[in-house]
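A look at the structure
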Amino acid sequence: QVQLVESGGGLVQPGGSLRLSCAASGSIAGIISMSWHRQAPGKQRELVARITSDGNTNYADSVKGRFTISRDNGKTTVYLQMNSLKPEDTAVYYCYANRWPMADWGKGTLVTVSL
């Protein structure tokens, strides 16, 4: 099992920036990819950004050019740099570790973009 702990959420004004962190521990050797997902009130959870074990990344169209996913050299912490935030980015952001056929979720961190 992999334990995932997110941090860095909070309240930010439109146009501002936040950096989320996801610290992984446990059976991290089997991780194929890690990703950030988000769920806004009344909406389904959606993929925001993913980084694979070899460093490839992909993003949701809605965040391309504004968000950047990265990780530390030890591959135990994944970051999501969020710039030019919009009110529609407001959601609980979850970290996800793919260890196919298993997977792990963090408990989430709330991001609120508002004046």
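Whatever comes next refers back to the structure up there.
Now for a description of the structure that goes with this document. Predicted model only: the values in this text are computed from it and were never measured. (Residues numbered from 1 in each chain as written. Predicted model: local features only at pLDDT ≥ 70, side-chain atom pairs only at ≥ 80, totals over all residues. Heavy atoms only, no water.)

Quick look at the overall build of the protein chain
Of regular secondary structure, the protein chain possesses zero helices and eleven strands. Relative to the globule expectation of 13 Å for 115 residues, the C-alpha radius of gyration of the protein chain, 13 Å, shows essentially globular dimensions. When the backbone C-alpha atoms are referred to their principal axes, the protein chain occupies close to 40 × 25 × 20 Å. Each of the 115 residues in the protein chain was classed as buried or not, and the buried ones make up 40%. Of the contacts formed within the protein chain by residues at least 6 apart in sequence, a portion of 51% connects residues at least 24 apart. Of the roughly 6200 Å² of accessible surface on the protein chain, 50% is carried by carbon and sulfur atoms. (Helix = DSSP H or I, 4+ residues; strand = E, 2+ residues; numbered from the N terminus. Rg over C-alpha atoms; globule rule 2.2 N^0.38 Å. Buried < 20%, exposed > 50% of the residue type's maximum accessible area, 1.4 Å probe, protein only. Contact = heavy atoms within 4.5 Å. Areas by Shrake-Rupley, 256 points an atom, 1.4 Å probe, with all protein chains shown as cover.)

As for the state of the cysteines
On inspection of all chains with the given rule, the structure shows one disulfide. In this model, Cys 22 is linked to Cys 95 through a disulfide, with the two sulfur atoms separated by 2.0 Å. Linking Cys 22 and Cys 95, the disulfide has an S-S dihedral of approximately -85° and is accordingly described as left-handed. Here Cys 22 is found in strand β3 (residues 18-26), whereas its partner Cys 95 is found in strand β9 (residues 91-99), with 73 residues between them in sequence. (Disulfide = S-S within 2.5 Å.)

Some thoughts on the pattern of salt bridges
What the rule picks out here adds up to five salt bridges. Residues Arg 38 and Glu 46 are paired through a salt bridge, measuring 2.7 Å at the closest nitrogen-oxygen approach. Residue class for Arg 38 comes out buried when judged on its relative accessible area of 6%. A salt bridge links Asp 61 to Lys 64, with the nearest nitrogen and oxygen atoms 3.1 Å apart. A cluster of three or more residues bridged by salt bridges with shared partners is formed by Arg 38, Glu 46, Arg 66 and Asp 89. (Salt bridge = Lys/Arg side-chain N within 4 Å of Asp/Glu carboxyl O.)

Quick word on the nonpolar core
Formed by 28 residues in total, the largest nonpolar core has its most connected members in Met 34, Trp 36, Leu 80, Met 82 and Tyr 93. Elements that contribute at least two residues to this core include exactly β1 (2-7), β3, β4 (33-39), β5 (46-52), β7 (67-71), β8 (77-82), β9 and β11 (109-113). In contact with Tyr 93, not counting residues within four places along its chain, are Glu 6, Leu 20, Trp 36, His 37, Arg 38, Val 48, Phe 67, Leu 80, Met 82, Gly 108, Thr 109 and Val 111. (Core = buried A, V, L, I, M, F, W, Y, C linked by side-chain atoms within 4.5 Å.)

A look at the pairing of β9
Across the nine residues of β9, eight count as buried, placing the element largely inside the fold. The pairing of β4 with β9 spans seven bridges and is antiparallel. Residue pairing for β9: Ser 35 is matched across the bridge by Tyr 96. Across three bridges, β9 lies against β11 in antiparallel orientation. Paired with Tyr 93 across the strands is Thr 109, a residue of β11. Pairing between β9 and strand β10 (residues 102-105): four bridges, direction antiparallel. Paired with Arg 99 across the strands is Met 102, a residue of β10. (Pairing = 2+ DSSP bridges.)

Concerning the side chain of Thr 109
You can see Thr 109 is positioned in strand β11. Taking the relative accessible area as the measure of exposure, Thr 109 reaches 11% and is therefore buried. Look past the residues within four positions of Thr 109 in its chain and what remains in contact with it is Glu 6, Ser 7, Gly 8, Gly 9, Leu 20, Ala 91, Val 92 and Tyr 93.

Scope: geometric values only; no functional claims are made or implied.
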